[in-house]
Amino acid sequence: MSQLSLALNASMMIRDEQGRYLPATAEQILDAARKVIDQKVQRGAAFTSSDLVKEYLIAKLDAKHRLIQYVEMFRGTIDSASVYPREVVKEALRLNAAAVIFAHNHPSGNPEPSQADKVLTQRLKEALALVDVRSLDHIIVAGQRTVSFAELGLL
């Protein structure tokens with residue numbers, strides 16, 4: 001079978017150092033998708049919809065549900081994490097942010113916000129408001145499913 005017909009029969013191919021086309025691995029496909037999202041949403045671009053933010057965050061999450069290319073502010077256990085509003089405010093001020101979007105994962109696969117998520121989001125929103133930083137949204141990512149606090153009217 002020729003390389004051309006092999007490339008046409010496969011869903012995604014990648015060229016190796018010798019110029020041969022080989023089937024792409026799942027990780028290579030995800031890396032390519034992340035690069036496309038990075039090109040689509042450049043620094044300074046406006047997040048004009050919750051859908052754009054969700055698409056961006058899903059593409060940025062790896063298999064362990066950690067953000068890629070961003071500093072994680074807090075880490076937790078399988079079912080909880082300590083989040084300190086003071087640290088969020090300090091980081092927003094350090095970056096001279098006018099607005100923020102919160103995001104975290106639910107490893108359970110259920111993206112619905114818990115009562116603790118709602119309370120924490122309100123505390124973060126109030127703390128940031130004291131220094132004139134707007135809280136635009138809080139996205140929960142659970143695998144390929146997401147929930148937006150703004151869309152639910154919770155923010």
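Structure shown above.
Residues numbered from 1 in each chain as written. Predicted model: local features only at pLDDT ≥ 70, side-chain atom pairs only at ≥ 80, totals over all residues. Heavy atoms only, no water.

(A) Just the pairing of strand β3 (residues 99–105), in detail. Relative to strand β4 (residues 134–142), β3 runs parallel, the two sharing seven bridges. What sits directly across from V100, in β4, is S135. One crossover worth recording links β3 to the parallel β4 by way of helix α5 (residues 115–129), and it is right-handed. (Pairing = 2+ DSSP bridges. Helix = DSSP H or I, 4+ residues; strand = E, 2+ residues; numbered from the N terminus. Right-handed = clockwise from strand over helix to strand, strands pointing away.)

(B) Focus on the side chain of S148. Turning to its location among the elements, S148 is positioned in strand β5 (residues 145–148). A relative accessible area of 2% places S148 in the buried class. At 3.4 Å, the side chain of S148 and the side chain of S50 are in polar contact. Side chain to side chain, S148 and D137 meet in a polar contact 2.7 Å long. Excluding its chain neighbours within four sequence positions, the residues that come into contact with S148 are S50, K54, D137, H138 and I139. (Buried < 20%, exposed > 50% of the residue type's maximum accessible area, 1.4 Å probe, protein only. Polar contact = N/O pair within 3.5 Å; in protein donor to acceptor, adjacent residues only side chain to side chain. Contact = heavy atoms within 4.5 Å.)

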